[in-house]
Amino acid sequence: MAPNRDLHQNRHITNRKNGSAKMSEESSPEHFDVVIVGAGISGIGAAYHLKQQCPEKSFVVLESLESFGGTWLTHTYPGIRSDSDLFTFGYRFKPWTGPPIATAEQILTYMGEVIDENQLAEQIRYRHSLSNASWSSETNRWTLEGARTDSGERVQFTANFLWMCQGYYRHDQGYTPTWEGMDDFHGPIIHPQTWPEDLDYKDKHVIVIGSGATAATLVPAIAGDCKHVTLLQRSPTYFIPGRNENELAEQLRTLDIDDAWIHEITRRQILHDQAEMTRLAFAEPELLKDELLAGVREHLGPDYDIDQHFTPNYQPWRQRIAFVPDGDIFKDITSGKASVVTDRIDGFTEKGILLKSGRELSADIIITATGFNMSVLGDIAFKVDGKAVNYAHTVNYRGMMFTGVPNMLWIFGYFRASWTLRVDLLGDFVCRLFKHMDQIDAKRVMARLREEDRDMPLLPWMDPENFNPGYLKRAMHLLPKRGDKPEWQHTQDYWAERKQIPAIDLEAEEFQYD
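Bear in mind the structure is a predicted one, so any value in this text is a computation, not a measurement.

Some points on the confidence of the model for the protein chain
Thinking step 1. Averaged over every residue, the pLDDT of the protein chain is 93; the share at 70 or more is 95%.
Thinking step 2. In this model, residues 13-26 is a region of pLDDT below 50 whose contacts with residues beyond four sequence positions or in other chains number 24 contacts.

Take a look at the structure:
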């Protein structure tokens with residue numbers, strides 16, 4: 001299930017060459033009922049739901065990259081894989097038949113099948129980057145401006161509705177802190193997000209800075225070729241080690257059950273277990289913490305210093321918890337191929353890194369698996385009736401709409417459950433909203449504060465006591481506000497939203513139609 005990436009991508013790129021050329025030759029902008037921004041996991045899911053549920057709507061998917069896939073296209077570092085199971089990260093409408101934790105190639109193959117099976121290729125325009133989006137209440141339309149990334153040619157579209165599926169971070173540059181002496185280091189300093197194809201790490205001493213899923217993926221992928229890999233972390237994170245298979249799915253397959261049934265039954269079992277884990281994280285955090293650390297201790301043994309290297313200083317689920325398939329990173333630690341150092345960086349030296357403790361770590365290569373730079377709505381400049389939109393001055397309706405911004409929906413998935421679960425939920429919601437607007441002959445819809453909301457406190461978009469990864473804290477000042485009522489929060493609770501979102505009253509006071 002891991003085909004040649006170039007061949008797989010080129011097949012879809014070729015499908016769009018003629019359509020893209022035709023668009024740029026036209027003197028007036030192309031108009032669509034809906035423009036979907038982004039052809040990653042969210043955008044392809046949105047396109048599927050729109051085509052299936054609202055076949056009368058014209059739409060186009062605009063993607064700045066050369067093909068579909070988003071993260072799974074741009075991230076090419078060794079070992080790149082999901083940190084969520086594919087039974088729930090996969091779409092509800094497309095059964096997943098591979099292992100729970102999948103490689104980028106496997107995920108791209110899956111997404112390519114969705115595009116092929118649903119004839120979505122002709123709706124996708126690759127290498128189209130948007131820079132400006134302007135709403136006019138006179139025409140009830142968005143005007144979108146941008147350029148082709150291959151030729152620089154300017155492009156323009158108009159749309160009745162804008163569906164933002166562009167993801168949440170900048171693909172072209174990862175986040176690397178600035179440390180004193182970085183220019184003194186004799187070797188390369190690499191961020192996994194921009195991994196060089198020709199990087200030679202064979203028989204080299206490598207330091208990987210970081211403690212999250214990327215670091216835990218990268219270390220076992222390169223440890224076999226390196227002289228030694230040191231995972232250097234400021235503080236630990238939580239992991240769940242386990243076999244990369246789902247026992248229930250495997251058992252159902254031996255009974256020759258239909259793949260669609262297996263997919264749905266396995267999804268429900270996984271979501272049930274995740275709901276219980278989330279409940280424990282809030283109700284009995286110390287119990288869950290002990291269970292997670294016991295799983296790590298089982299792999300590393302009773303003599304390993306779990307307290308120092310694998311016991312975080314925060315409660316479970318305030319940051320993502322990554323699954324470690326087959327305990328691969330722990331095997332490399334016990335074999336001596338990799339080691340963990342928990343300390344703070346004082347600065348870089350010619351030979352490596354000087355720690356606050358005074359110890360110096362030598363390295364030939366340093367890899368900074370230190371996180372993302374968030375991108376708020378694709379870094380596009382938005383205007384509504386000529387006035388620039390500052391999203392930090394808006395209030396976010398259920399994590400998907402913004403006060404004062406008409407005819408736009410934003411996909412932002414879940415942190416504690418698979419991102420794609422919300423893609424499916426909001427796909428249903430948007431299509432239901434479109435049908436409702438057609439029934440009442442409304443040309444625009446906008447989220448608005450009700451009278452009862454006028455005096456409610458406006459808070460940071462995410463409660464740091466709920467979820468607080470570094471990339472989110474660094475960008476909080478750019479994000480919309482939340483209120484203290486469920487309608488004005490992205491609760492990150494899939495298990496509540498799977499009932500709440502389908503039950504939203506589209507005639508409620510928080511929706512303004514014109």
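That was the structure; now back to the text.
Quick look at the side chain of Gln492
Thinking step 1. Along the chain, Gln492 turns up in the loop between helix 13 (470-475) and helix 14 (494-500).
Thinking step 2. The exposure class assigned to Gln492 is buried, which follows from its relative accessible area of 3%.
Thinking step 3. A distance of 3.4 Å separates the side chain of Gln492 from the backbone oxygen of Gly413, its partner in a polar contact.
Thinking step 4. Those residues within four positions of Gln492 in sequence are excluded, and the remaining contacts are Gly413, Tyr414, Phe415, Arg416 and Met462.

A word on the pattern of salt bridges
Thinking step 1. Within this structure, the stated rule accounts for 24 salt bridges.
Thinking step 2. A salt bridge links Arg450 to Asp453, with the shortest nitrogen-to-oxygen separation between them at 2.7 Å.
Thinking step 3. Residue classification places Arg450 among the buried positions, given a relative accessible area of 9%.
Thinking step 4. A relative accessible area of 1% places Asp453 in the buried class.

A closer look at a negative patch on the surface
Thinking step 1. Residues Glu197, Asp198, Asp200, Asp203 and Asp225 make up a contiguous surface patch of negative charge.
Thinking step 2. Within the fold, Glu197 resides in the loop between strand 7 (189-190) and strand 8 (205-209).

A word on the pairing of strand 2 (residues 59-62)
Along a regular strand, successive side chains alternate from one face of the sheet to the other.
Thinking step 1. Of the two faces of strand 2, both are covered, the one formed by Phe59 and Val61 as well as the one formed by Val60 and Leu62.
Thinking step 2. Bridge analysis of strand 1 (residues 30-37) against strand 2 gives four bridges, and the strand direction is parallel. Note on strand 2: the bridge partner recorded for Ile36 is Val61.
Thinking step 3. In this region the chain leaves strand 1, passes through helix 2 (residues 41-53) and returns to the parallel neighbour strand 2; the handedness of that crossover is right-handed.
Thinking step 4. As defined by bridge partners, strand 2 adjoins strand 3 (residues 124-125) across two bridges and the pair is classed as parallel. Bridge assignment links Leu62 to a residue of strand 3, and that residue is Arg125.

About the criteria used
Residues numbered from 1 in each chain as written. Predicted model: local features only at pLDDT ≥ 70, side-chain atom pairs only at ≥ 80, totals over all residues. Heavy atoms only, no water. pLDDT = per-residue confidence, 0-100. Contact = heavy atoms within 4.5 Å. Helix = DSSP H or I, 4+ residues; strand = E, 2+ residues; numbered from the N terminus. Buried < 20%, exposed > 50% of the residue type's maximum accessible area, 1.4 Å probe, protein only. Polar contact = N/O pair within 3.5 Å; in protein donor to acceptor, adjacent residues only side chain to side chain. Salt bridge = Lys/Arg side-chain N within 4 Å of Asp/Glu carboxyl O. Patch = residues over 30% accessible without salt bridge, like charges linked within 9 Å, V, L, I, M, F, W, Y side chains within 5 Å. Areas by Shrake-Rupley, 256 points an atom, 1.4 Å probe, with all protein chains shown as cover. Lys, Arg positive; Asp, Glu negative; His and termini not counted. Charge placed at Lys NZ, Arg CZ, Asp CG, Glu CD. Pairing = 2+ DSSP bridges. Right-handed = clockwise from strand over helix to strand, strands pointing away.

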